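Report on the structure
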Amino acid sequence: MIDFSVILAGFGGQGILSAGKMAAEAALYEGKEVSWFPSYGPEMRGGTCNCSVVISDEAIGSPVINDADVAICLNQPSMEKFENSIKPGGVLIIDSSLVHIKPKRTDIRFIPMNASDIASELGNMAFATISMLGCLSEATKCFSRDSFEASLREVLPERRHHLIPGNLEAFDKGASFAK
Amino acid sequence: MAIVFERTTGLTDKPFHYCPGCTHGIIHRIIAETMVEMGILDSTVGVASVGCTYNSYEYFSCDMVQAAHGRAPAVATGIKRSLKDKLVFTYQGDGDLASIGTAEIIHAAARGEKICTFFVNNAVYGMTSGQMAPTTLLGQVTTTSPFGRDASYQGYPINVSELIAQLTGAVYVERVSLTDYKNVMKAKAAVKKAFEVQMSGKGFAFVEFLSTCPTNWGKEPCESLEWLKEKMIPQYPLGCFKGADLDLEVKS
Amino acid sequence: MAQKRVLMKGNEVIAEAALRAGCRNYFGYPITPQTEVMHYMAKKMVQIGGNFVQAESEVSAINMVYGAAAAGARVLTSSSSPGISLKQEGISYIAGAELPAVVVNIVRAGPGLGGIQPAQGDYFQATKGGGHGDYRNFVIAPASVQELYELTVEAFNIADRYRMLVMILGDGTLGQMMEPVAYRENENIETYEKPWACTGRQGRSEHNIVTSIYIEPDVLEAKNRELQDKYALIESKEVRYEAIGLEDAEIVITAFSTCSRISRNVIRQAAELGIKVGMIRPITLWPFPSKIINETAAKSSVKAFLDVELNAGQMVEDVRLAVNGKKPVYFHGRMGGNLPTQKEILDKIIKIHEGGAV
């Protein structure tokens, strides 16, 4: 895997940046090279935001992505913006609870999943992005469920470890969409 | 034979370059004597500024750092923060402190930096040949207010001590003059108190000296002292604006 | 031994590296996109008993740096382009007084307020002396978060070794991105006596003076010559660069920091098309790696150079001086906070390779 690239995009406050960081942490746990680069600017809660994660077996060239292997979109503006940034044969994952349009592209794999509904059923809206990471992992194998779990244990402070089972449940539910 | 007078070791042997009748020399001397008398010459770092006193670093025999124009209080902040057990003072003129360095002095005072600032106000830029200073009096003729300072055109003089005294971080603020022996002794007591305030760790200490500039005022030395008394003191009244009754028990 | 790799933001790594290098003094003023350096310091300095002062301006912050450095302390400030412009007065004084200090510039697009996205438009002000007078800053351009760590620690050593200002020139990409960083268990901290520092005489027979003023022309000229001798020594000893694929390269890219990262991908893509592209990545922007560029230009296998920057063409002037007319030097730059795409650079490589107009 060389410079495998994922763009995560949505509204500020949806946990986009932390989800990207968790993906990077999981891949780092596997000994891969990783980079995480956020959009930054005069943005605030409710505005759009995105981050780029690159995972590679070799030293990473650009941390900034022009052509992504995967785009994960949690709102409609993001999908409109990033649909055309996906490589042919790449993957587009959307939160179909929030995005109700279909892509124009036919040369990519399209995975709609009702991430926000899943999160709401699990009682924690932060799990929406987690379920999408499960889908990403299953669809591309860019990191494994085991690494995700192990990195969570490392990164989360002890007092938050009770959230791990919920995270994994969301992760698994998301993964089922890619099977 | 008893020694009745000697040079202070707080000053180097370098002859002053100040014009005849200028009171910078007296101010240097009382600061230097105070450092020696308090036994702090070896533990004090002074900060020279830009103006007539740019090379006061050659006169004071403590360690001296030369600062950019107006920046002495920031430089002193950097020194004091990294040498907490040492004493730090700045020596600044009115152009340096009240014009280009306004932000630095206000914020050093507001932060309550544990430093002393000795501010020399002679109502004119000396070094660059007599331009209008922020402290130039209304009606005063300078090379850049050749028809006299006109409030409607050039605004009003700044009373720095009164301004600094408004800030909570400044705990001792006094204005002194050097017009006669009595006032010189008062000025020296103010210098000592400023260092004591710093040693107590209470906050920022500020002493303003009304000073003469015979050369740029176009007056004889004695005439200059009279002008200072008649014209400057009404605008800049002498006295302690803050901290007159400070309890200065030195922190151990 | 290297410790476990942790994922950290570039800006935070700079701050952590400074602390590891023994820096206990930070003076700064908020500006995007370097703020995390300041936030990290605001917390850590208090926890470890160091000094953190949020100054009233950049001007004041750099003068606090001047003061702490004059007192012999290791000291850091960080800012971004417009803030660095304000610091230039103090930077010139630091050069004149020969004080060791480290200044971080996480560059954003200009001129004026410009924007807050990544740029390299400060190459000139960093390497050519942004302030007044004849002086140099030691300028380091890291290209990854790991390098930000290692070179920030090294910056403090260099500053003390040569009594001069070291500027770490990054950009918004490098400051904002997270990458793994492996900290060493024991830092390589070089310690230098500072008998010149103003710490209070403490029994010294002579007082120390830190100053940059020399009124007598002959005295000042002698001081100028001393500085120039020091700079010449540094140019002979401290040049750092990374060379990739120069053995058989037909086209050589010159790029630093973020542009070198993008160019790495282009080199791979060009190889797939059968075009041999190499790269010289200056790690020190001053002293500049002129010699290797000049030697490379002399090789018969090398047809041309392509300089890639996030500006209108600044480092390219130094590249052209080094190449000295031996080979054509082409330029590709983006401005305003935009980054060149790999495709843009690759297209240019293809055109150069075909001998077409660029």
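1. Quick word on the interface of chain C and chain B
- Facing 33 residues of chain C, the contacting portion of chain B comprises 29 residues.
- At the level of elements, strand S2 (25–28), strand S3 (51–54), helix H3 (58–70), helix H4 (81–97) and strand S9 (209–210) of chain C are the ones that each hand at least two residues to the side of chain C that touches chain B.
- Looking at the side of chain C that touches chain B element by element, the count peaks at 8 residues for H3(C).
- For the side of chain C that touches chain B, the residue count by class is 15 nonpolar, 15 polar and 3 charged.
- For strand S2 (residues 63–66) of chain B and S9(C), the ladder comprises 2 bridges, and the chain directions are parallel. Bridge pairing in S9(C) places B:Met64 opposite C:Ile209.

2. Thoughts on the domain arrangement of chain C
Residues and elements named next belong to chain C.
- Split into domains, chain C comes out as domain 1 (2–237) and domain 2 (243–354).
- The distance between the C-alpha centroids of domain 1 and domain 2 comes to 28 Å.
- Between domain 1 and domain 2, the contact holds 26 residues from the first and 21 residues from the second.
- For the side of domain 1 that touches domain 2, the secondary-structure elements that each account for two or more residues are helix H5 (123–127), strand S6 (138–140), strand S7 (165–171), helix H7 (172–176) and helix H8 (217–237).
- Counting residues per element, the side of domain 1 that touches domain 2 draws most heavily on H5, which supplies 4 residues.

3. Digging into the sheet that holds strand S15 (residues 329–333) of chain C
Residue and element names in this part refer to chain C.
- Pairing in this open sheet of 5 strands is mixed, and the strands run S10-S12-S11-S14-S15 from one edge to the other. The open sheet has two edge strands, strand S10 (241–244) and S15, and neither has a second partner. Ignoring strand direction, the axes of neighbouring strands in this sheet form an average angle of 20 degrees.
- Here strand S11 (residues 251–254) runs beside strand S12 (residues 277–282); their pairing, made up of 4 bridges, is parallel. Paired with Val 252 across the bridge in S12 is Gly 278.
- Here helix H9 (residues 258–272) sits on the sheet and contacts S10, S11, S12 and strand S14 (304–309); the angle it forms with S12, its principal contact strand, is near 165 degrees.

4. Comments concerning the interface of chain A and chain C
- Across the contact, 17 residues belong to chain A and 18 residues belong to chain C.
- Counting residues per element, the ones that place at least two in the side of chain A that touches chain C are helix H1 (16–29) and strand S2 (33–38) of chain A.
- Of the residues forming the side of chain A that touches chain C, the biggest block, 5 residues, is contributed by S2(A).
- Class assignment for the residues of the side of chain A that touches chain C results in 9 nonpolar, 5 polar and 3 charged.

5. Description of the sheet that holds strand S4 (residues 116–121) of chain B
- Overall, mixed pairing links the 8 strands, which are arranged S7(B)-S5(B)-S6(B)-S4(B)-S3(B)-S1(B)-S2(B)-S9(C) in an open sheet. Sheet topology places strand S7 (239–242) of chain B together with S9 of chain C at the edges, where each strand pairs with a single neighbour.
- Looking at chain direction, S4(B) and strand S6 (residues 204–210) of chain B are connected through 6 bridges and run parallel. Counted as the bridge partner of B:Val120 is B:Phe209 from S6(B).
- The sheet contacts of helix H1 (residues 24–38) of chain B involve strand S1 (44–48), S4 and S6 of chain B, and relative to S4(B) the element is tilted by about 160 degrees.

6. Thoughts on helix H6 (residues 164–175) of chain A
All names here are of chain A.
- Helix length check: H6 (12 residues) gives 16 Å between terminal C-alpha atoms against 16 Å at 1.5 Å per residue, within 8%.
- Among the residues of H6, those classed as buried are Asn 167, Ala 170, Phe 171, Lys 173 and Gly 174. For H6, the angular spread of buried residues about the axis comes to 165 degrees, placing them on one side.
- For H6, the elements touching its buried residues are strand S6 (109–113), helix H3 (115–122), helix H4 (127–140) and helix H5 (145–155).

7. Section: the environment of B:Arg71
- Among the secondary structure elements, B:Arg71 is positioned in the loop between S2 and helix H2 (72–82).
- Expressed as a C-alpha distance, the spacing of B:Arg71 and B:Ile30, which sit 41 residues apart in the sequence, is 24 Å.
- Once you skip the residues sitting within four places of it in the chain, B:Arg71 turns out to touch B:Gly101, B:Glu104 and C:Asn63.

Rules behind the numbers
Residues numbered from 1 in each chain as written. Chains lettered and ligands numbered in written order. Predicted model: local features only at pLDDT ≥ 70, side-chain atom pairs only at ≥ 80, totals over all residues. Contact = placed C-beta atoms within 7 Å. Helix = DSSP H or I, 4+ residues; strand = E, 2+ residues; numbered from the N terminus. Nonpolar A, V, L, I, M, F, W, Y, C, P; charged D, E, K, R; others polar. Pairing = 2+ DSSP bridges. Domains from an automatic or database assignment. Axes fitted to C-alpha atoms, helices over the stretch in contact; angles between N-to-C directions. Expected span 1.5 Å × (residues − 1). Buried ≥ 20, exposed ≤ 12 C-beta atoms within 10 Å, placed from the backbone. Arc of directions from axis to C-beta.

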